[in-house]
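Descriptive analysis of the structure
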Amino acid sequence: MPNGGKSIIDLHSQIHFGDVSYFEFYNNYEEFGSKYNNIFYELIVSENSLQVNPNGSRCLVRQRDDASKGKTNTSSGWNNPIAPTLTDVNTANAYNLECQLNGIDYTQRNWIHCDVTREEYDAILESTNRKSSLPGSGSGSVIWSLASTSIASSLAPLQGFMSALFRPLTPSTVMSTSSPSTQNTPSQRLFSNLFLQGDSLASFFRLLLWSFSPSPEVSILLLDWSSLVDPKPTGMISPVFIPVMESLMSGNLIEARRLIFAQMLVSGQTAGGRDVNLVGKRNSVAVEKVMTFSEAVEKESDQPLNTTARCALLYGAMHCQDLQSRFERMGYSVSNIEWRTAWSVSVPTIGSLIGTSTGERRVGNLSWGNFAIDSDPKEVAFGLVIVPIYLLIGGLDWMDTIHSIAQSLDGGNTLDVVFLCGFYLLRHIAMYLGLSKFVVEWDGDVKLFGRED
């Protein structure tokens, strides 16, 4: 640093949906803002929405009160010149959560834009012959896009169903195959590939299982877990599996959905973090701006020598492992890790499905440790009962389908045979897509910060 002091960078790994209190923390000057000389943030936004500060940094243009009357983004009444996409708003509403952009005031003092603009991002995609995936690209509207948000999106239903027939379609592989700059299909290896390529052999077994196996979705999940090598599953049964089932059995559908949504967000971090354009190039810009404008502010300040400057960098969770690595290569080291609760879920335990205060567990901090400690005998018993029942129902369904197909063939009703086969595959692929979201912990310990906590 110019004044001979040292620099501290607090890297805030954010998810883009959460409770109102999760985002209000960043609006609290006493608790958050007063700690930092500057706060740098992630936001892909049009150049028209930014103003240039005297030191060359950029920040959001705050709307005039008279022009934005009645258009405040939160109940606190602050004015924001941008708004989340309709997709993000609908996603947040579906889980009773808040969008990040509706929860954080990005026009606060000393908040500095630390990302590419929409125009710069479009140029990056053009240079790699990719089409922009940002909503509103090419228009004059003010838009925003945060990379991790796309994890919550899914493939078109028909495309997803067809893809699941031939290749894995899990939360940790959707990102790597749907993002504009990561079009590689997940790599697979099975039985040392025998005489076929790994992907071909796994796809061959996959089609056999879909066609001839009772409860094929269970066999397919086992095949995916054992054959995927990039990204390679590192977890086992997801720690949210039992809580999700408990919530479903007690009729708490919204709680089950919030658990599954959280699991999907976590499972998408590893694959999403490999995206060269959405993550790699933007991280490079972020680090450059943090270092450049932190030094510029220090040169302009009247602080005494050997003082410590502290800044915050607010970025999506899947950016942060790479960001940490970049700062470590520059000589920084991790001194502390803290967790904050994005949202909590109340789950009644087995045996007390009525949501009493003594029968609830709180899921918070996104560490999932609440369900990964010693197994409760009731949970083991639950697994020993529910799995055989599920397989029994699947077996009976398979036998009934085979019987119906045989009767249709005897009667020469070819159209009925096609309908029976198609409907059988359709409902079991739907089960596969649902189970893959929360039964298996595909990414295991994601290590968003690059090391053990």
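Scroll up for the structure.
As the structure is a prediction and not an experimental result, all values here were calculated from the model.

Moving on, we get to the packing of aromatic side chains. How two aromatic rings sit relative to each other is given by the distance of their centres and the angle of their planes. Applying the stated rule across the entire model yields 17 aromatic pairs. With 6.0 Å between their ring centres and 75 degrees between their planes, phenylalanine 204 and phenylalanine 205 make a pair best called edge-to-face. Take phenylalanine 205: its relative accessible area is 28%, and that puts it in the partly exposed class. Counting every residue linked through ring pairs, the aromatic cluster contains Tyr22, Phe23, Phe25, Tyr26, Phe32, Tyr36, Tyr41, Tyr106 and Trp111.

This part covers the environment of lysine 35. By the secondary structure assignment, lysine 35 is in the loop between helix 1 (20–24) and strand 3 (38–41). Linking lysine 35 and cysteine 311, residues 276 residues apart in sequence, is a C-alpha distance of 8.0 Å.

The sheet built from four strands is open, its strands ordered 1-10-3-7 with parallel pairing. Strands at the two margins of the open sheet, each flanked by one partner only, are strand 1 (6–14) and strand 7 (111–113). Adjacent strand axes in the sheet meet at a mean angle of 25 degrees when their direction is disregarded. Pairing between strand 1 and strand 10 (residues 308–316): nine bridges, direction parallel. Bridged to serine 13 within strand 10 is tyrosine 315. Against the sheet, helix 13 (residues 317–329) touches strand 1 and strand 10, its axis set at about 145 degrees to strand 10.

The next point concerns unusual backbone geometry. For asparagine 96, which is not glycine, the phi torsion reads 55 degrees and is therefore positive. By the secondary structure assignment, asparagine 96 is in the loop between helix 2 (86–94) and strand 6 (98–99). The class of asparagine 96 is exposed, set by a relative accessible area of 54%.

If you trace the backbone, asparagine 28 turns up in the loop between helix 1 and strand 3. The exposure class assigned to asparagine 28 is partly exposed, which follows from its relative accessible area of 29%. Along the primary structure asparagine 28 and isoleucine 104 are separated by 76 residues, whereas in three dimensions their C-alpha atoms are 9.9 Å apart.

What follows covers the side chain of serine 213. Tracing the chain through its elements places serine 213 in the loop between helix 7 (198–212) and helix 8 (216–227). With relative accessibility at 11%, the residue serine 213 sits in the buried group. Of the polar contacts made by the side chain of serine 213, one reaches the side chain of serine 219; its length is 3.3 Å. Residues within four places of serine 213 in sequence aside, it is in contact with Leu208, Ser219, Trp398 and Tyr424.

The subject of this paragraph is the pairing of strand 3. Along strand 3, one buried face is formed by Asn38 and Phe40 and the opposite face, lined by Ile39 and Tyr41, is buried too. The pairing of strand 3 with strand 10 spans four bridges and is parallel. Bridged to tyrosine 41 within strand 10 is leucine 314. Looking at chain direction, strand 3 and strand 7 are connected through three bridges and run parallel. The residue bridging phenylalanine 40 from the neighbouring strand is isoleucine 112, located in strand 7.

Let us now look at the nonpolar core. With 58 residues, the main nonpolar core has Phe32, Trp111, Trp343 and Phe438 as its most contacted residues. By residue number, the principal contributor to this core is helix 10 (residues 253–267), which donates seven residues. Not counting residues within four places of it along the chain, the set of residues in contact with tryptophan 111 comprises Tyr26, Phe32, Ile39, Tyr41, Cys59, Ile104, Asp105, Tyr106 and Leu314. Ile112, Cys114, Val287 and Leu323 belong to the second largest nonpolar core, which has 15 residues in total.

Buried within helix 4 (residues 118–127) are the following residues: Arg118, Tyr121, Asp122, Ile124 and Leu125. All buried residues of helix 4 lie within an arc of 155 degrees about the axis, which places them on one face of the element. Exposed residues on helix 4 whose side chains face more than 90 degrees from its buried face are Glu126 and Ser127.

Counted according to the given criterion, the structure contains nine salt bridges. One salt bridge connects arginine 326 with aspartate 322, and the closest N-O pair in it is separated by 2.7 Å. On the criterion of helical spacing, the pair formed by arginine 326 and aspartate 322 is a turn pair, its members being four residues apart in helix 13. Owing to a relative accessible area of 23%, aspartate 322 belongs among the partly exposed residues under this scheme. Taken together, the salt bridges that share partners define one network made up of Glu42, Asp115 and Arg282.

Reading guide: rules and limits
Residues numbered from 1 in each chain as written. Predicted model: local features only at pLDDT ≥ 70, side-chain atom pairs only at ≥ 80, totals over all residues. Heavy atoms only, no water. Phe/Tyr/Trp six-rings, centres within 6.5 Å; stacked < 30°, edge-to-face > 60°. Buried < 20%, exposed > 50% of the residue type's maximum accessible area, 1.4 Å probe, protein only. Helix = DSSP H or I, 4+ residues; strand = E, 2+ residues; numbered from the N terminus. Pairing = 2+ DSSP bridges. Axes fitted to C-alpha atoms, helices over the stretch in contact; angles between N-to-C directions. Contact = heavy atoms within 4.5 Å. Polar contact = N/O pair within 3.5 Å; in protein donor to acceptor, adjacent residues only side chain to side chain. Core = buried A, V, L, I, M, F, W, Y, C linked by side-chain atoms within 4.5 Å. Arc of directions from axis to C-beta. Salt bridge = Lys/Arg side-chain N within 4 Å of Asp/Glu carboxyl O.

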